[in-house]
Amino acid sequence: RYSPDRSHPEIKSWYRDLDKPGITPPDPVFGAVWPVLEALLAAGGYRLLRAPNTPERNVALALWLVNIAMIGGWTKVFFGERSLTGGAVGAAAMIGTGAAYVERASHVDGLAAASGVPFTAWVAFATVLSEEIWRRNP
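Residues numbered from 1 in each chain as written. Predicted model: local features only at pLDDT ≥ 70, side-chain atom pairs only at ≥ 80, totals over all residues. Heavy atoms only, no water.

Draft legend 1. Looking closely at the nonpolar core. Counting residues in each nonpolar core, the largest one holds 27 residues, and the members touching the most others are Trp14, Leu18, Leu48, Phe78, Phe79 and Tyr101. Broken down by secondary-structure element, the contributors of at least two residues to this core are α1 (9–17), α2 (27–50), α3 (55–80), α4 (84–106) and α5 (110–136). Looking at this core, the element that brings in the most residues is α3, giving eight residues. Residues within four places of leucine 18 in sequence aside, it is in contact with Phe78, Leu84, Ile133 and Asn137. (Core = buried A, V, L, I, M, F, W, Y, C linked by side-chain atoms within 4.5 Å. Buried < 20%, exposed > 50% of the residue type's maximum accessible area, 1.4 Å probe, protein only. Helix = DSSP H or I, 4+ residues; strand = E, 2+ residues; numbered from the N terminus. Contact = heavy atoms within 4.5 Å.)

Draft legend 2. Main features of the packing of α2 against α5. Taken N-terminus to C-terminus, the directions of α2 and α5 make an angle of 145°; their axes are 8 Å apart at the nearest point. The two elements α2 and α5 cross, and the hand of that crossing is left-handed. Residues Val29, Phe30, Val33, Trp34, Leu37, Leu40, Leu41, Gly44, Arg47 and Leu48 of α2 lie in contact with α5, whose contacting residues are Leu111, Ala112, Ser115, Gly116, Pro118, Phe119, Trp122, Val123 and Leu129. Across the contact of α2 with α5, the residue classes tally to 15 nonpolar, three polar and one charged. (Axes fitted to C-alpha atoms, helices over the stretch in contact; angles between N-to-C directions. Left-handed = near helix turned anticlockwise from the far one by under 90°. Nonpolar A, V, L, I, M, F, W, Y, C, P; charged D, E, K, R; others polar.)

Draft legend 3. Just unusual backbone geometry, in detail. At arginine 82, a residue that is not glycine, the phi angle is positive and equals roughly 55°. In this fold, arginine 82 is placed in the loop between α3 and α4. Classification of arginine 82 by relative accessible area gives partly exposed; the value is 37%.

Draft legend 4. Layout of the pattern of salt bridges. Under the defined criterion, the tally for this structure stands at eight salt bridges. Between arginine 47 and aspartate 109 there is a salt bridge whose closest N-O contact spans 2.9 Å. Here aspartate 109 lies in the loop between α4 and α5 and arginine 47 lies in helix α2, a separation of 62 residues in the sequence. On the basis of relative accessibility, which here comes to 36%, the residue arginine 47 falls in the partly exposed class. Residues arginine 136 and glutamate 132 are paired through a salt bridge, measuring 2.8 Å at the closest nitrogen-oxygen approach. Placement of the pair is arginine 136 and glutamate 132 together in helix α5, with a separation of four residues, close to one helical turn. Connected via shared salt-bridge partners are Asp19, Glu132, Arg135 and Arg136. (Salt bridge = Lys/Arg side-chain N within 4 Å of Asp/Glu carboxyl O.)

Draft legend 5. The packing of aromatic side chains, seen in detail. A full pass over the atoms with the stated rule returns ten aromatic pairs. Geometrically, the ring pair formed by phenylalanine 30 and tryptophan 122 is edge-to-face, given 5.9 Å between the ring centres and 80° between the ring planes. Separated by 92 residues along the polypeptide, phenylalanine 30 in helix α2 and tryptophan 122 in helix α5 bring together distant segments of the chain. Aromatic pair tryptophan 74 and phenylalanine 79: ring centres 5.8 Å apart, planes at 90°, arrangement edge-to-face. Side by side, tryptophan 74 and phenylalanine 79 carry an identical accessibility label, which is buried. Put simply, the rings of Trp14, Tyr15, Trp74, Phe78 and Phe79 pair up and form one aromatic cluster. (Phe/Tyr/Trp six-rings, centres within 6.5 Å; stacked < 30°, edge-to-face > 60°.)

Below, the structure is given as structure tokens:
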């Protein structure tokens with residue numbers, strides 16, 4: 001709904017015109033990476049749902065849900081609201097929630113935890129990118 005593609009020409013134009021650092025991947029990379037990350041998170045969430053109902057599992061599931069919600073929330077803030085500050089803050093917050101998910105899930109299911117590592121690594125990179133875009137576009 002808020003992607004910078006042909007179906008959203010205003011968002012595409014706004015994003016294209018931002019001063020972005022050289023480390024910014026080409027647009028098709030984002031389209032290839034996110035479905036993989038979301039599929040991995042979905043698999044991890046499924047594994048947690050199938051694990052015995054324990055307080056530890058429930059905390060891991062809650063963090064999983066927070067991360068899923070934050071993905072859509074970040075897109076709305078950064079692209080929909082065109083908030084560079086909100087995008088940088090949101091990306092930084094996702095590092096914390098992603099790492100917390102991996103840590104908590106590791107006590108329940110190692111594969112569920114491992115499924116969150118690529119997401120956390122990507123949002124760490126996205127945070128660097130978002131902060132640099134924010135800095136370059138006052």
